[in-house]
Structures are given as C-alpha cells and as structure tokens.
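Fold and geometry: a report
Each chain is listed here by its residues.
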Amino acid sequence: MAKKSVLVIGGGIAGIQSALDLANMGFQVYLVEKTPSIGGRMSQLDKTFPTNDCSMCILAPKMIEAGRHPNIKLLTYSEVEEVAGDPGKFRVKIRKKARSVDEEKCTGCGVCMQKCPYKTDSEFQVGLAKRKAAYITFPQAVPNVATIDPDICIYIKSEGKKCGACIKFCDAGAIDFSQQDRIIEVEVGSIILATGFDLYDPSGLEEYGYGKIKNVITAMQFERMISASGPSGGQLQRPSDGKAPKNLAFIQCVGSRDTRHKLYCSSVCCMHATKEAILASEHYPDLKAFIFYTDMRAVGKRFQEYIARAEQEYKVTYIRSRPSEITENPDNGNPIVWYEETTARNRTSMEVDMVVLCQAMVPSGEQKKLSEMLNLKLNAYQFVDIPDRLFHPVDTEIPGVFACGFCQAPQDIPDSVVQASAAAARAAEFMSKEK
Amino acid sequence: MKLPDTKEVQTEFKPKILAFCCNWCAYAGADLAGVSRFQMPTNVRVIRVMCSGRVPPELVIRALANGLDGVMILGCHPGECHYSEGNYLTRRRAHVLKRLLSYIGIEPDRFQLRWVSAAEGAKFSAVVKEAADKITALGPNRWGDKR
Amino acid sequence: MAIPRIGVFICHCGTNIGGVVNVPEVVEYAKGLPYVVHAEANLYTCSEEGISSIKNNIKEHNLNRVVVASCTPRTHQPLFRNACADAGLNPYLFEFVNIREHCSWIHMQNRREATEKAKELVKMGVAKARWLEAQEEFESEVYPAAMVIGGGVAGMSAALNLANQGFEVHLVEKEPELGGRLLNLNRLFPINKAPDELVESIVKAVESHSKIKLHMPAVVKAASGYIGNFDVSIDEDGQETSFKVGVIIVATGAQVLKPELYRYGKLANVLTHLDLEQRLKDGELGEFQNVVMINCVGARIPERPYCSRLCCMTAIKNAALMKEINPEAKVYVLHRDLMTYGVEFEEYYRKAKEAGVRFIRYTPSKPPKVVGTKKVKSVKVYDELMDMEVELPCDLLVLATPLIPNDDNEELSRMLKVPIGDGGFFLEAHVKLRPVEFATDGIYVAGTCRWPADIRESVAQGYAAASEAAIPLRQGLVKVEAITATVDPRICKGCGTCVLVCPFDAIELKESKIRGLEGKIVAEVNAALCKGCGLCAAACPNRAIQQRGFTDVQLLSMVNALSGKR
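Across its full length, chain A carries ten helices and 24 strands. At 23 Å, chain A has a C-alpha radius of gyration in line with the 22 Å of a compact globule built from 435 residues. Dimensions of chain A, computed from C-alpha atoms along their principal axes, come out at roughly 70 × 60 × 35 Å. Burial statistics for chain A: of 435 residues in total, 64% are counted as buried. Look at the contacts in chain A between residues 6 or more apart in sequence, and 66% of them connect residues 24 or more apart.

Encoded structure:
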C-alpha cells in the first residue's frame with residue numbers, strides 16, 4: 001500500500017477537520033457520512049456565537065476543500081457495516097447506499113427536485129418544511145448532487161410502473177434507478193469517530209407541551225426559522241398563525257441537568273440561546289427576549305462579553321428560574337410560562353408569543369451500532385468512553401481508534417475542532433509508530 | 001451676496017473617506033467590527049495593503065487632490081507591526097505629511113493615522129466615526145478644484 | 001498584456017449581504033464598468049454551485065480576471081484563488097471585494113447608502129483587477145524540526161506527538177523543571193488523583209526521547225524567518241544557543257491571579273486555591289473546622305470580564321477534599337454561576353453536594369464580607385435564595401482567582417509577530433475554526449496562554465497544534481504568497497533607500513548581470529527573505545521597486561476609481 005489510510009466516521013465539522021488535517025499531512029482519508037452531504041449540525045445553524053459569524057459562510061470553504069482534496073475520498077450516503085482486523089490494519093466494510101443518481105453525471109441543477117411530486121418532512125429544516133423524494137439537502141451541499149429517497153419515491157415503490165418525472169426532466173441523464181447498494185472494502189491504519197449528536201426529543205417533558213402547544217418550538221427549529229436559507233427566508237413566523245412574535249421566551253436545560261432525563265449539562269445551550277435572542281432582536285428591533293436559565297455557563301473566549309452585550313444592547317432579559325409548566329392561552333395561542341423567580345422569590349407567569357425549548361443533546365443514534373461493531377466501551381450516557389481523559393483526551397480504549405467532538409462529550413465548535421485536530425495528530429503518531 | 005444655508009450644507013454633506021488598512025491588524029479589526037455588527041457611518045472605503053508602511057505619502061496627496069474629503073491610514077499599534085517596524089515608518093511619514101498638507105493648504109485633519117489591533121473591532125468602529133465627524137466638520141474638500 | 005476580460009461575481013450570502021445591499025442593482029452596475037464582460041449574482045458564491053459558476057464562466061466568457069464581491073479575503077481568498085486555478089486561470093488574476101464585513105453588516109439600517117458603497121467598492125476592485133498580473137509562487141523547503149515554547153502539559157503533549165512522528169523538536173522551558181502549572185497541584189479533577197506520577201511518566205517520556213532536545217532553563221531571545229525556515233536564538237542557562245526550525249508552537253501557559261480582595265495577604269487564614277494545594281501537598285495545612293470558599297474573586301468584574309473556566313471545578317474539588325479530610329467540617333462554596341459544563345463536571349458537582357458541601361449563590365452587587373481583624377472569624381453573605389444575610393463561621397477562607405496572562409506574553413508577541421487579544425491572552429487566527437493557529441503561517445498556539453483551559457483541554461490543544469504543525473513538516477515544501485517585491489533594474493538608480501527600510505535584509509545592492517545593464521549597481525530582492533510588506537515600494541524615490549499584487553498602478557487605480565478620476 002502506497003499511502004497509509006485513515007477512516008473518519010462522521011462528516012460534521014469535527015470529521016471534516018480531522019480529514020483535512022490528515023489529508024494535508026499526506027494520508028489517504030476515507031470520510032464516511034450517513035446523510036447525502038457533509039456539513040453536519042453546523043450547516044443547520046444560522047450564525048455562530050460569540051462573533052455572530054455566519055455559520056455556513058465559515059463552514060463552506062472547509063466542506064469544499066474536503067470535497068476537492070485529492071487525498072480525501074468522500075463516501076456520503078454511506079454507513080460503516082463491519083470492522084475487522086487489528087489496530088494498524090483495520091479492514092472496514094462500508095455500505096454506499098444507492099442514491100439512484102449518478103454522482104458523476106449529476107450537475108446539482110435541482111430540476112428533479114422541482115419536478116418530483118412526492119414530499120416528506122425535511123430533516124434539514126427540522127420538520128418546518130417539506131422536501132421532495134428527489135432532494136439536495138441544502139444549497140451548499142458537498143457533493144452537490146441529488147439523492148432519491150427510496151422510502152418516498154413512487155417510482156421505486158411501484159417498481160418502475162409509476163411516475164419517473166425525474167428521469168424525464170434530467171438533462172444530464174443522471175437518474176439511475178438500477179443502482180444497488182455497494183459494499184466498499186478498505187484497509188486503514190487508524191479510525192477516527194466523529195459521529196456528533198442528536199437532539200433530545202422534548203415531548204417527553206410533558207409540562208412544556210411540545211407537540212401540543214403550537215407556538216412551543218425547539219432551538220434547532222428556531223435556528224432554521226431565523227436562517228436566510230430556512231423555510232421562511234429568515235422571518236420568524238409562529239406556527240399557529242405565521243405572525244412574527246413580539247416577545248420570545250427561551251427555556252434552558254430542557255432535558256439537561258434533569259434527574260428524570262439527562263443528568264449532564266449539554267454545554268452549549270446557554271450560549272446558543274443568547275445568540276438566538278440576539279439574532280431575533282436584530283431582525284425585529286422591538287422584540288423582547290427572555291431567557292430562563294439555571295446557571296449561565298459562559299466559559300469561552302468573549303462569552304461573558306457576549307452576554308453583557310445581549311443584556312445591554314439587545315435588552316435580553318435573563319431570568320434565573322426553571323419554569324414548572326407551559327400552558328396555552330386558548331384565545332390567541334400564546335404560550336404562558338409558569339415559573340418561580342428564584343432571585344426574587346415570587347411565583348408568577350408570563351404570556352409570550354412563542355417559546356423556544358433549548359433541548360438536551362445526546363450522542364448520535366449510530367453510536368451504539370458502531371460501538372458494538374468496534375467492541376468499544378460507551379459511558380452511561382452512550383458517549384464514547386475515554387479511559388485517560390486528562391492526558392489522552394481523544395484516545396479510546398482501542399489502540400488506533402480515536403474519538404473527537406460531541407460523540408465523546410458535549411462541547412462547542414472550537415472545542416470540537418481542537419479535538420478533531422488532536423485526533424488527527426494522534427492517528428498520524430499512531431501510524432508513524434506502526435511502521 | 002447671499003450665503004448658502006450653512007445648516008443645510010452641514011446636514012447634507014457626507015464626506016467620502018478612503019482608509020488604507022494593514023492586513024494583519026486594522027483590516028482584521030475592521031472584519032471583527034463587521035462580524036460584531038458594529039454600525040458605523042457609510043462614508044469610509046477600505047483599501048487593503050499588507051502593511052501601513054506600503055502607503056506612499058504622494059498617494060495620500062493624490063487622493064486628496066482628486067477631491068476625496070479625507071484619507072485614513074490604519075495600522076498595527078506601535079511595537080506590534082507584523083513586519084517589525086513598518087508602522088514606525090508610517091508614523092514618521094505621517095508627521096511630515098501633516099505639516100506638508102498644512103503648508104500646501106490642505107487641512108491636516110483630512111489625513112488621519114490610527115492604530116487598531118486585530119482584536120479591536122469596537123475601536124475600529126469608534127475611530128471611523130470619529131474621523132468621519134472630524135472630516136464632516138471640515139466640510140467638502142475643495143483643494144483640488146483650485147488647481 | 002492581453003485585453004482584460006473581467007468577470008464579476010456578487011454574493012448574496014443568503015441575506016447577510018442581499019438583505020441589506022441591493023445585489024441585482026450592483027450586478028447591473030458592474031456590467032457597465034470598464035473591461036467587465038460578465039457579471040452575475042450568486043446566492044452563495046462560496047458554495048459548490050457558486051464555485052462551478054466561476055469556473056464555467058472563466059471558460060465560457062474567456063475571462064482573464066475574476067472579481068468576487070462577498071466576504072473577507074482573510075478567510076475566503078484561498079477558496080476563490082483555487083477555483084480560478086482549477087479553471088486554468090492564474091490565481092493571482094483574482095481580486096477580492098469585501099461587501100459584507102465592510103459594508104452590509106455595518107450599515108444594516110441604511111440600505112440605499114450600503115448599496116451605493118457596494119457599487120463603489122466593486123468599481124475599485126474592478127479597477128485594480130484590470131492591472132493584475134499572473135504570478136508564480138515561490139516554493140521553499142521546510143526545515144524538518146519544530147520548536148515548542150513551554151514545558152507544561154500542552155507543550156509536552158505537542159512535543160511528544162511531533163517527536164513520535166519522527167520530527168526533531170526543541171522544547172524550551174523557562175523553569176528548571178518540566179511540568180508547568182501541574183507541579184503546584186495537589187490533586188486533579190475530575191479523577192481525584194495526585195498529579196505526581198501522571199506528570200512524571202510524561203516528563204520521563206519527554207526527557208528520554210531521542211528526537212526531543214530539551215532546553216531548560218531557557219528563554220527565547222530572538223526569532224526571525226518565515227514558515228519552514230525560522231532562525232531562533234535562546235538563552236539557555238546563561239549561554240546563547242541558536243538553531244533552525246520549520247514551525248513554532250507557543251504553549252507558555254498562564255499564571256494565577258493573586259488578589260487584592262478579601263484581605264488576602266493580610267490575614268493569615270486567607271488563601272488562594274493554589275496556596276491551599278501547596279499546603280496540602282506539603283502537609284502544612286493544619287486543623288480546620290469551618291471552611292468558606294469564594295468564587296470569581298477578581299473575575300467577571302468590569303476590569304476583567306472573562307470567566308476563567310476552571311475555578312468552579314477547582315473549588316468543588318478542594319471543597320470535597322476538605323470534607324474528605326475532616327467529615328465534621330462545615331464547607332461552604334459561595335459562587336455566582338457554577339460552570340460545571342459537560343457530563344463529568346456536572347456529576348462531580350452533584351457528588352460534592354451529596355458529600356455535604358454547601359453551595360450558596362451570591363450576587364456581585366452584594367459580595368461576601370470578611371469579619372475579623374487578625375484572622376478571618378466569619379464571612380457574611382447575602383443569600384439570594386433565602387433573601388437574607390447569613391453569617392458563616394470561618395477559620396479558613398479560600399479564594400478562587402482566575403488565570404491571567406503571563407507577563408512575558410507581550411515580549412513573545414513582539415518577537416514572533418503574533419497578536420495578543422482579549423484579556424492579554426494570545427489571539428488565534430479564527431475563534432471558531434482555527435483555534436490553535438496564529439494568522440502568521442507556521443506558528444501555532446496551545447493551552448492556557450491562549451485562554452483558560454483545564455488539563456484535558458490543554459492537552460487536546462497541544463495535540464491539535466502538533467497536527468497543524470505536522471502539515472508543513474510532512475509536506476516538506478511550502479508555497480509563499482507571491483506578494484514579494486520586484487525591482488525594475490532599468491529604472492533603479494541604486495540609491496539604496498530600499499535597503500535601508502527593509503526590515504528583513506532582503507534587498508542588496510549588486511552589479512546587474514542583465515544584458516545591456518552590465519555593471520550597473522541596482523537593488524536586488526532575495527525572494528526567500530522578502531515577506532511582502534511593501535515598505536520598499538513606498539520608499540523608492542524612483543518607483544523602481546514594486547510589490548506584486550500591490551503595485552503603485554494598482555493602488556492608484558483604486559484611488560482614482562473611488563474619486564471618479566480615470
């Protein structure tokens with residue numbers, strides 16, 4: 001084998017960073033991502049704290065660099081199926097799912113998306129909008145090619161008897177329903193896990209009425225709503241009547257630091273709520289935002305200043321309290337937040353136009369499957385266990401297998417990027433010793 | 001002779017200001033001001049140079065002779081130049097340039113030298129406002145017209 | 001020079017630009033500018049779609065200059081230059097116009113004027129683009145060695161990683177001992193082990209590594225050069241030594257603030273956590289019954305607004321330890337927000353509560369008060385939850401103070417030409433996506449000299465810096481941006497002004513060997529030494545020396561475009 005190879009699982013910002021570092025060092029990298037595009041959770045965010053830098057704008061160059069790098073083989077819409085062999089010589093089977101689109105021919109023009117008549121909820125827009133059976137996840141997708149969802153596509157379900165609009169309209173002739181799942185086998189010296197997080201479903205916290213009260217949404221839904229590339233083009237529209245909210249309540253620790261749900265702190269919610277409150281106030285200067293918090297965990301560079309700015313410049317109000325209940329005003333659909341103001345010690349309620357739940361974050365669903373495949377230990381919360389977490393913070397218990405980003409502990413983007421580069425350094429070191 | 005309504009001239013006049021920013025400090029500071037959404041007057045146009053010391057005095061004079069109302073040079077703080085001593089050169093030149101401007105009949109305040117680091121987004125916004133105010137107070141630059 | 005055929009690409013950046021600047025109007029305006037043969041708007045010029053559009057239009061319209069008006073060259077220039085190169089256009093025939101950071105984001109309330117400004121900025125960029133020239137980048141070899149400044153955990157982790165990858169590492173530590181801040185600690189959170197054995201194993205690995213050259217006690221005296229080729233001289237125990245390295249990692253750590261609050265230094269039983277740990281280590285703490293700890297002492301205040309990230313955990317660690325040593329003791333932690341982020345820290349906090357440590361939240365407007373003249377006798381604090389002042393008996397008061405930057409940061413910053421930012425800590429290239437790199441190529445940063453960080457985070461940053469440093473070391477060659485100075489020997493009079501102003505001794509007066517000019521004394525630029533500041537170009541009385549990419553005619557054309565002169 002000419003070049004030493006590494007497998008990176010997960011195409012979010014952490015996986016991309018590990019892949020780029022190793023590719024630039026001269027290693028061959030296989031970057032496996034289960035969805036049709038790399039980009040991960042960061043691609044869904046509107047802005048990033050504490051600079052309010054546009055998330056996609058800083059991410060896109062890295063995605064494109066990963067997409068065009070001669071040492072990176074992107075395997076999107078793919079999942080790792082089997083890992084065998086030994087450290088330094090892992091044999092990996094990867095299932096590249098049938099996209100029903102020829103990646104080489106597709107130009108990403110999007111005609112198939114326009115013509116496709118079948119819809120489902122868009123994962124990228126967190127259910128706020130529909131997508132077609134033929135879809136490109138988001139405009140900056142890498143690779144910028146369409147995918148046809150076999151669960152929705154009538155052509156696939158009817159075994160070619162119905163529809164076929166995409167075939168008819170694709171000028172590039174890229175639609176290929178004869179595609180089958182392919183198993184790709186690679187041999188790699190090292191493996192990096194960067195599988196990220198999922199969002200904890202807040203409907204389990206019945207007191208907050210998510211799913212029942214229309215104007216109670218999640219932070220990720222808010223993020224899509226306020227984003228220019230979101231379904232409302234950056235306009236805040238409350239689900240019940242489409243009106244722009246005049247006041248907004250953010251509720252922290254929804255499922256985090258909670259004995260009935262997740263005991264841990266999800267680390268990033270205090271800051272993303274602050275950012276979202278700022279963005280809302282920026283879009284609508286008269287809007288009032290309230291943040292109900294437990295402890296304001298603002299520990300990073302410029303975070304305290306960011307909170308001060310939210311309070312002073314954007315008139316965001318921080319209320320130290322964990323609301324006990326949210327009810328709905330039947331007349332106007334307004335959520336009513338019931339809480340005890342712990343610093344002032346009075347029990348009270350507040351009627352707002354919309355509530356944003358800052359839900360806990362949990363390790364991604366595929367983590368369990370991967371850990372079984374690798375025989376890797378997870379901790380009580382299904383995060384990857386790091387045996388010597390102080391001095392070898394990205395080393396798993398298996399030599400040559402490293403973990404970075406949210407899959408091993410809740411953390412923000414810079415910390416994930418740091419760990420991703422650290423994992424790359426450790427993988428490079430591991431393979432240098434394994435001559 | 002009827003004098004123009006000075007009050008109206010004052011409110012209508014929006015000077016056009018050119019700002020040379022060094023890549024390492026001032027331009028980065030301007031970027032930070034941007035990402036921080038510090039709102040500022042619209043009259044400043046930035047030209048990026050690698051070092052404030054790249055800007056020859058005659059280019060400043062040319063800009064003013066062309067009719068621009070003000071020119072700024074923004075560099076790293078003294079002692080923090082990315083190229084060791086470029087901004088010291090800028091400072092010495094600026095000193096001479098100010099005197100030359102006043103000698104040839106241009107208000108020296110039309111030229112402003114300021115230091116802004118990469119971490120000083122708020123300061124960038126503040127110095128731009130301050131310069132815009134100063135130059136607005138001077139009124140339109142008519143120096144070029146006379147020649 | 002072929003007749004310029006300029007293509008202009010104007011980015012909406014979603015609504016970041018398009019929400020303020022009328023992009024279609026700017027596109028129409030651009031179409032009317034001299035030499036512009038194509039102008040278009042993109043939703044995101046930096047998306048794959050936008051990049052393909054640039055490439056396709058270069059081919060379709062035979063463009064020989066490309067102007068993109070979008071965000072900042074400091075993050076996106078490489079992307080667009082690569083796009084040009086992919087389409088066969090020399091990447092230096094690309095010009096960047098910033099209409100986001102320098103326009104739409106700072107004029108959000110003034111759409112008309114922002115649009116007019118964007119037009120002028122595009123006009124200036126197009127004016128410069130007309131005069132752009134193709135350039136070849138200078139390639140230079142990377143000297144396969146690294147210098148790591150600082151022998152704490154961050155620096156040692158970086159050094160070991162690079163050494164194990166096969167590179168020679170010079171590790172420079174100013175103290176006579178490796179280990180840094182860890183040497184002062186009694187036990188580590190959240191593992192509750194003494195650091196000694198753990199540190200010792202790392203120190204041994206560093207000391208015994210054949211690839212690591214340890215300089216101790218030593219300080220860096222001077223550093224010059226550029227990525228791949230730095231000349232460093234150090235003072236090692238009174239002796240001057242110099243060596244060459246390709247990359248530099250700064251991991252110099254931080255110090256703990258000694259406060260001037262709560263009568264620290266005046267009353268014997270007031271300690272910082274660092275003092276407490278030293279006494280515990282030395283077995284000199286003595287008896288205690290009532291312990292009070294105060295958090296955020298000298299932190300999160302107007303003159304030092306930041307949170308030092310690790311003090312809450314330090315306080316919880318020591319509070320629990322006090323209970324462990326003396327289960328009968330009363331231990332109070334007076335805190336503001338408790339920063340026990342993540343999985344393990346939150347659990348650690350819960351366990352301390354279960355062990356009987358009492359936590360009381362105080363407000364900065366009503367800070368705790370110390371009672372006692374020779375010794376602290378009690379601490380009075382307003383308890384928010386109970387809405388009353390409580391008096392806590394106290395025979396040991398422990399203050400959690402923040403990490404503050406080292407005193408020598410400024411000197412190092414001047415020497416290496418790397419910036420200092422918030423609170424006096426080093427400033428990374430990008431707070432989100434380039435956390436361990438400086439804007440200057442070839443120099444990296446890790447650990448608490450960048451920002452307060454615990455051990456786990458410092459070690460991760462050490463490895464991360466090693467990863468970035470390993471890239472040029474493994475590539476062996478780096479390309480230097482083609483913005484260096486060039487001399488036109490026909491115009492040069494050999495006066496030597498440029499030689500005087502050049503900070504890098506990159507220019508020499510030499511006899512010309514060019515045909516027709518043989519024997520003429522002219523300036524000659526050594527491209528390997530030139531860093532592209534342009535000082536010489538500004539100083540040359542004959543305009544004989546020019547900085548590539550920033551020539552007189554390029555800058556003048558921008559000035560003229562702005563002032564409406566041709």
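Scanning the entire structure with this criterion turns up two disulfides over all chains. Note that A:C54 is cross-linked by a disulfide to A:C57, the S-S spacing being 2.2 Å. Residues A:C54 and A:C57 share a disulfide whose torsion about the S-S bond is about 70°; that sign makes it right-handed. Just as A:C54 is buried, A:C57 falls in that class too. Between the sulfur of B:C25 and that of B:C76 lies a disulfide, 2.4 Å long from S to S. Here the disulfide of B:C25 and B:C76 is right-handed, its torsion about the S-S bond being about 95°. Here B:C25 is found in the loop between β1 (17-22) and α2 (26-35), whereas its partner B:C76 is found in the loop between β3 (70-75) and α4 (86-104), with 51 residues between them in sequence. Comparing B:C25 with B:C76, the two get one shared label, buried. A:C269 supplies the cysteine sulfur nearest to A:C265, a cysteine that is in no disulfide, at a spacing of 6.5 Å. There is no disulfide at C:C11, and the cysteine sulfur nearest it, in C:C13, is 4.9 Å away.

Among the nonpolar cores identified, the biggest contains 195 residues, and A:L22, B:F20, C:V8, C:I10, C:V66, C:V122 and C:L162 are the most heavily contacted of them. By residue number, the principal contributor to this core is helix α10 (residues 413-433) of chain A, which donates twelve residues. Excluding anything up to four places from it in sequence, C:V66 contacts C:G7, C:F9, C:I54, C:I58, C:C84, C:L89, C:L93, C:F94 and C:E95. Within the second largest apolar cluster, 43 residues are counted, among which are A:L236, A:I291, A:Y314 and A:C358.

A few words on the interface of chain A and chain C. By a frequent convention, interface size equals the accessible area lost on bringing the separate parts together. Listed per partner, the contact involves 76 residues of chain A and 78 residues of chain C. Carbon and sulfur atoms supply 59% of the area that chain A and chain C bury against each other, a total of about 6,700 Å² over both sides. Among the residues chain A hides against chain C, the three largest losses belong to A:K301, A:L390 and A:F391. Together they make up 13% of the total. Summed over the shared surface of chain A and chain C, the result is nine salt bridges.

Taken together, the seven residues of chain A in the interface contact five residues of chain B. Where chain A abuts chain B, roughly 540 Å² becomes buried across the two surfaces, and 43% of that area is made up of carbon and sulfur atoms. Considering only the side of chain A, the residues that lose the most area to chain B are A:T51, A:R302 and A:R309, jointly responsible for 57% of the buried surface there. Summed over the shared surface of chain A and chain B, the number is two residue pairs in polar contact (both at pLDDT 80 or more). A per-class count over the side of chain A that touches chain B returns no nonpolar, two polar and five charged.

A few words on helix α3 (residues 73-86) of chain C. All names here are of chain C. Compared with an ideal rise of 1.5 Å per residue, which puts 14 residues at 20 Å, α3 spans 18 Å between its outermost C-alpha atoms and is within 8% of the ideal. Buried within α3 we find P73, H76, Q77, L79, F80, R81, A83 and C84. With its phi angle positive at about 85°, G88 sits one or two positions after the end of α3.

Rules of the game
- Residues numbered from 1 in each chain as written.
- Chains lettered and ligands numbered in written order.
- Predicted model: local features only at pLDDT ≥ 70, side-chain atom pairs only at ≥ 80, totals over all residues.
- Heavy atoms only, no water.
- Helix = DSSP H or I, 4+ residues; strand = E, 2+ residues; numbered from the N terminus.
- Rg over C-alpha atoms; globule rule 2.2 N^0.38 Å.
- Buried < 20%, exposed > 50% of the residue type's maximum accessible area, 1.4 Å probe, protein only.
- Contact = heavy atoms within 4.5 Å.
- Disulfide = S-S within 2.5 Å.
- Core = buried A, V, L, I, M, F, W, Y, C linked by side-chain atoms within 4.5 Å.
- Buried area = accessible area lost by both parts, 1.4 Å probe.
- Salt bridge = Lys/Arg side-chain N within 4 Å of Asp/Glu carboxyl O.
- Polar contact = N/O pair within 3.5 Å; in protein donor to acceptor, adjacent residues only side chain to side chain.
- Nonpolar A, V, L, I, M, F, W, Y, C, P; charged D, E, K, R; others polar.
- Expected span 1.5 Å × (residues − 1).

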